[in-house]
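Analysis of the macromolecular model
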Amino acid sequence: MAFDLLIKGGLVVDGTGDAPTVADVGIVDGRVAAVGRLDGPASREIDAGGCLVTPGFIDHHTHYDGQVTFDPLCTFSCYNGVTTVVSGNCSLTLAPVREGDESALAGMLAKVEAIPYDVLMNGVPWGWRTFGDYLGSLDDNLGINFGVMVGHSAVRRWVMGADSQEREATGDEIEAIQAAVRECVEAGALGISFDRNPRHAGMDGKLLPANVASIDELYAVAGALRDLDTGVIQVGDPRDLELTEGICTRMSEISGRPVTYLSITQSVLRPEQWREHLAHLADVAARGTARIYPQINPRPGLRFFQMDSAEFLNFMPTWKRIMNSSTAERVAAFADASLRPQLAQEVAEHSDNTALGFSGRWDHVVIVKPALEKNRGLAGMTAAELGAQRGVSPMDAFLDLAVEEEMKTWCARNQQNNDDEAMAAILNDEHTLIGLSDSGAHVVREGGYGYGVHFLSHWVRDKGIMPVEEGVRRLTSFPADVFGAPGRGRLIPGGKADVLVMDYENLGLDPSEEAYDLPGGSMRLKQVAHGIPYTIVNGQVLLEDGVHTGALPGQVVRNSRYEAGKNGNGAAG
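On a predicted model such as this, the values are computed, not experimentally measured, just so you know. (Residues numbered from 1 in each chain as written. Predicted model: local features only at pLDDT ≥ 70, side-chain atom pairs only at ≥ 80, totals over all residues. Heavy atoms only, no water.)

Description of the side chain of R157
Stated formally: Helix and strand definitions follow DSSP, with helices as H or I runs of at least four residues and strands as E runs of at least two, each counted in order from the N terminus. Only protein chains enter the area calculation, which uses a 1.4 Å probe; residues under 20% of their type maximum are buried, those over 50% are exposed, and those in between are partly exposed. Residues count as neighbours in contact if any of their non-hydrogen atoms are within 4.5 Å of one another.
Take R157: it is sitting in helix α4 (residues 152-160). Classification of R157 by relative accessible area gives buried; the value is 13%. Among residues more than four places away in sequence, those in contact with R157 are D101, A104, L105, M108, A162, S164 and Q165.

Examining helix α12 (residues 327-335)
Residues of α12 that are buried include every one of R330, V331, A333 and F334, and no others. Contacts made by the buried residues of α12 are with α11 (317-323), α13 (340-350) and α15 (394-404).

Concerning the sheet that holds strand β9 (residues 150-151)
Heads up, the rule is: At least two DSSP bridges between two strands are needed for those strands to be called paired.
With respect to topology, six strands assemble into an open sheet ordered β9-β10-β11-β12-β13-β17, the strand pairing being parallel. Each of the sheet's edge strands pairs with one partner strand only, and the pair in question is β9 and β17 (433-434). Bridge count for β9 against strand β10 (residues 191-195) is two bridges, and the pairing is parallel. Within β10, the residue paired with V150 across the bridge is I192.

Quick word on the packing of aromatic side chains
Stated formally: Each Phe, Tyr or Trp ring (for Trp, its six-membered ring) is paired with any other whose centre lies within 6.5 Å, and the angle between the two planes then decides the class: stacked below 30 degrees, edge-to-face above 60, tilted in between. Here, a charge over a ring is recorded when the distance from Lys NZ or Arg CZ to the ring centre is within 6 Å and its angle to the ring normal is within 35 degrees.
On inspection of all chains with the given rule, the structure shows nine aromatic pairs. Taken together, a centroid distance of 5.6 Å and an interplanar angle of 85 degrees make the contact between F76 and Y449 edge-to-face. Taken together, the residues span a long stretch of sequence, with F76 in the loop between β6 (57-59) and β7 (82-87) and Y449 in the loop between β17 and α17 (451-462) at a distance of 373 residues. Pair check on accessibility: F76 and Y449 agree, each one buried. One aromatic cluster is present, formed by W126, W128, F131 and Y134 through successive ring pairs. A cation over an aromatic ring shows up here: R98 above the ring of W158, its NZ or CZ 4.1 Å from the ring centre.

A look at empty space enclosed by the protein
Test applied: Only protein atoms enter the 1 Å grid, on which a cavity is a set of points fitting a 1.4 Å probe that cannot get out and a pocket is an open set with protein on both sides within 12 Å along at least 5 of 7 lines, lining residues being those with an atom within 4 Å of a point. Grid points are joined across faces, edges and corners, and a volume is the space filled by probe spheres set on the points. The classification used treats Ala, Val, Leu, Ile, Met, Phe, Trp, Tyr, Cys and Pro as nonpolar, Asp, Glu, Lys and Arg as charged, and all other residues, Gly among them, as polar.
Applying the stated criterion to the full structure yields four cavities of 30 Å³ or more. Its boundaries defined by the atoms lining it, the largest cavity holds a volume of some 60 Å³. What lines the largest cavity is simply H63, G66, Q67, F70, I115, V119, L120, G440, V443 and L518. Looking at side-chain class alone, the lining of the largest cavity contains six nonpolar, four polar and no charged residues.

In structure tokens form, the structure reads like this:
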């Protein structure tokens, strides 16, 4: 048999969960043709001896809706083993869109996901109207594979206009929203996304359309998927509503579709909630009426901030008053020793506020990047460690540094996903969905692209919480099945040839750094991996030793109903 690409002698971890085997992988026309001891001519051969050969990772929670139109590689995900991304999360998409509404959709995405508005308005080549047109604009211009759900906020705006952010929908409007969702799914959307975060608003300060909608509307719109027999449902921030009212369980029961939502965490603010959440998942599964999958990010829950933008301090009145003043006034106030006792008292009183609050645990506040050269050696130190070093309280040490550096110190709170026992239990649970990178969003403060590399290198290889074959399955075929990505996530004959050749023992993440490569020179955080010599997408080498080959082999990932219709095996969109 002749191959386009033959990967020889690697330890194949095929994504199914089966034990690894030393084998060759032969690829023809973008698909896996055979796995085993293979001979025959090949246009190119890769020696994978000593390496793992796995499917590419599927990153199911991204916000590349705009970026993909001018960055077909979806950097920097592709540099971290990701060969397929799913966008359109949390009710936010850039289609469908009526003429003149581009700024409204861009404003929602920009505000909620901390993406520069100018990048979305001026970097994105707008022009589509329907969801199908948006997907069509991406065909033949992708480095990695791109799937997208349709956002409830976008569809609601499409049907109701500006009223979508003002009031609940009428019965006729709900029927129109349902019809629009069906049209988007028939055009290839992987499903629909919702949002229930009451803090999420657009540039105009008004709530997202999805958050104005009633719960009954959400149930009705979710039900639009039932007769289509395809599609996933994603919900942003309904965790408490799920644990108290079963909102995601009900959506799954009504639609007959899987529902994934944000999120399950281990948090110092709610130290026992993760146990309650796992017990809830087991109870829902035992009833057998719904399929729900909370997402879990395997990386520590770092929340980066500077003292000119630390919104979590606004839960405390004196802190809020100071934070809402000018930088000069802020420096003076935080330097005022007479205010320090009041500030400390408010931290103690409000430390159990919410998941976005402050735990009062200064040992979880990390100095990431000092502003002054003389302080560079403090990077990586916690406020508690700095206080011990200087012989003062952690809060005093933290505020002294902030004052000295005029509020420019980069810090991070590490209040979530930092307990090994809890994380091992959460990551091993059969109902949790590993991911939640948020790639493409929060570009200045977060660079979550490497969640899969961190999971495999830290949790699977170094901590040994599960076998490597299960770890690979959780990053590949499991999300492929939940999100309905036909043919992806497994190295089996006939499957799409998205492949990583991985130096497993040396796999890891490089430090984050600043990159000024968005349209207009806007800054974002960059992080890439090492230990992945080859990234292959649809049978073509995309990256070799971390360098783009120039190939653009990616494909738009459309749902199974659309693909069946295209191939003459079912209804087409």
